[in-house]
Amino acid sequence: KQEVTQIPAALSVPEGENLVLNCSFTDSAIYNLQWFRQDPGKGLTSLLLIQSSQREQTSGRLNASLDKSSGRSTLYIAASQPGDSATYLCAGLLSYNTDKLIFGTGTRLQVFP
Amino acid sequence: GAVVSQHPSRVICKSGTSVKIECRSLDFQATTMFWYRQFPKKSLMLMATSNEGSKATYEQGVEKDKFLINHASLTLSTLTVTSAHPEDSSFYICSARDRVKGTQYFGPGTRLLVL
């Protein structure tokens, strides 16, 4: 059974720091991977989607990479801001013919002024 | 961007009653919708896949008679929690797959509290 672990589980940093959030799948067979943000009591906001043919995606201060051979993904947040405080979830599709996303355990991030 | 709505956003009910949650894709058609459950400070757990015009597919351990799913149109899926109990209290999130683009979009969630 595919399991997805995110490290660290929680992170508290002063603003301005560059951050690395990690996501790993027990089974490296991943078709594509997506990073989401979830604010407390809210739904999910999609941040970045790494398609099957890609290795990384960038959007503003966010950069996500995917190493399929190891089943690991990294979300890099540059120059963190208090507004980045949220829970970050990674989720993967296991094959091209499924829509079922497998979610990670999440990283709760707090960026303080 | 594509929008998925959920109604209600929050509901409190008495134990033993049934609660219906709606998930709507507002500006696209969705042949497939997904229902997730999320416990406090936990990740999302897929409950079932809702297919337009056919029966839903439930994940292992999810009672189909407890969580009734209906996907009667290309823009609406409903989840009914029947005979709700306090342990059913949770945050329920739906997602909808755009039939043209193939992208999934998530709703804002429904918080259910069963007293």
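Bear in mind that the values here come from a model prediction, so they are computed numbers and not experimental data.

Criteria and cut-off values
Residues numbered from 1 in each chain as written. Chains lettered and ligands numbered in written order. Predicted model: local features only at pLDDT ≥ 70, side-chain atom pairs only at ≥ 80, totals over all residues. Heavy atoms only, no water. Contact = heavy atoms within 4.5 Å. Buried area = accessible area lost by both parts, 1.4 Å probe. Salt bridge = Lys/Arg side-chain N within 4 Å of Asp/Glu carboxyl O. Pairing = 2+ DSSP bridges. Helix = DSSP H or I, 4+ residues; strand = E, 2+ residues; numbered from the N terminus. Axes fitted to C-alpha atoms, helices over the stretch in contact; angles between N-to-C directions. Core = buried A, V, L, I, M, F, W, Y, C linked by side-chain atoms within 4.5 Å. Buried < 20%, exposed > 50% of the residue type's maximum accessible area, 1.4 Å probe, protein only.

Visitor: Would you mind showing me how to read the interface of chain A and chain B here?
Guide: Many authors give the size of an interface as the accessible area that is lost as the parts come together. Contact with chain A, which involves 14 residues of that partner, is made by 18 residues of chain B. Roughly 1200 Å² is buried in total at the junction of chain A and chain B, and carbon and sulfur atoms are behind 54% of that figure. If you sort the residues of chain A by the area they bury against chain B, Asp99(A), Lys100(A) and Phe103(A) come out on top, with a joint share of 38%. Counting the contacts that link chain A with chain B gives one salt bridge.

Visitor: Help me understand the pairing of strand β6 (residues 56–59) of chain A, please; the structure alone is not making it clear to me.
Guide: Both faces of the sheet carry side chains from a regular strand, because those side chains alternate between them. Residue and element names in this part refer to chain A. Summarising the sheet, β6 and strand β7 (residues 62–67) pair through four bridges and their orientation is antiparallel. Bridging from a neighbouring strand, Gln57 pairs with Ala64 of β7. Linkage of β6 to β7, two consecutive antiparallel strands, is achieved through a turn of two residues, within which Gly60 is found at a positive phi near 60 degrees.

Visitor: Even after reading the chapter, I still don't get the sheet that holds strand β7 (residues 67–73) of chain B, so can you show me in this structure?
Guide: Working definition: the strands of a sheet are paired by backbone hydrogen bonds and lie parallel or antiparallel to each other. All names here are of chain B. Taken in spatial order, the four strands of this open sheet run β1-β3-β8-β7, and their pairing is antiparallel. The open sheet has two edge strands with one neighbour each: β1 (4–7) and β7. Between one strand axis and the next, the sheet turns through 15 degrees on average, direction left out of account. Across six bridges, the pairing between strand β3 (residues 19–25) and strand β8 (residues 76–81) is antiparallel. The residue of β8 that forms the bridge with Lys20 is Thr80.

Visitor: What is the right way to read the pattern of salt bridges from this model?
Guide: Working definition: two side chains of opposite charge can pair if their charged atoms are close together. Inspection of every chain in the model, using the stated rule, returns five salt bridges over all chains. Its salt-bridge partner being Arg61(A), residue Asp84(A) comes within 2.9 Å of it at the nearest N-O pair. Of this pair, Asp84(A) sits in the loop between β8 (72–77) and β9 (86–93) while Arg61(A) is found in the loop between β6 and β7, placing the two residues 23 residues apart along the sequence. With its nearest N and O atoms 3.5 Å apart, the salt bridge here joins Arg24(B) to Glu22(B).

Visitor: Explanation requested: the nonpolar core in the structure shown.
Guide: Nonpolar side chains tend toward joint burial in soluble globular proteins. With 25 residues, the main nonpolar core has Val4(B), Trp35(B), Phe67(B), Leu79(B), Tyr92(B) and Leu112(B) as its most contacted residues. Of all the elements in the fold, those that place two or more residues in this core are β2 (10–13), β3, β4 (30–38), β5 (44–51), β7, β8, β9 (90–98) and β11 (110–114) of chain B. Core analysis: the second largest hydrophobic core is formed by 21 residues, Val4(A), Leu21(A), Leu33(A) and Tyr88(A) among them.

Visitor: Would you mind showing me how to read the side chain of Thr78(B) here?
Guide: Residue and element names in this part refer to chain B. Locating Thr78 in the fold gives a position in strand β8. Since its relative accessible area comes to 11%, Thr78 is described here as buried. In contact with Thr78, other than residues within four places in its own chain, are Lys20, Ile21, Glu22, Trp35, Leu68, Ile69 and Asn70.

Spatial relationships are all this shows, so hold off on functional conclusions.
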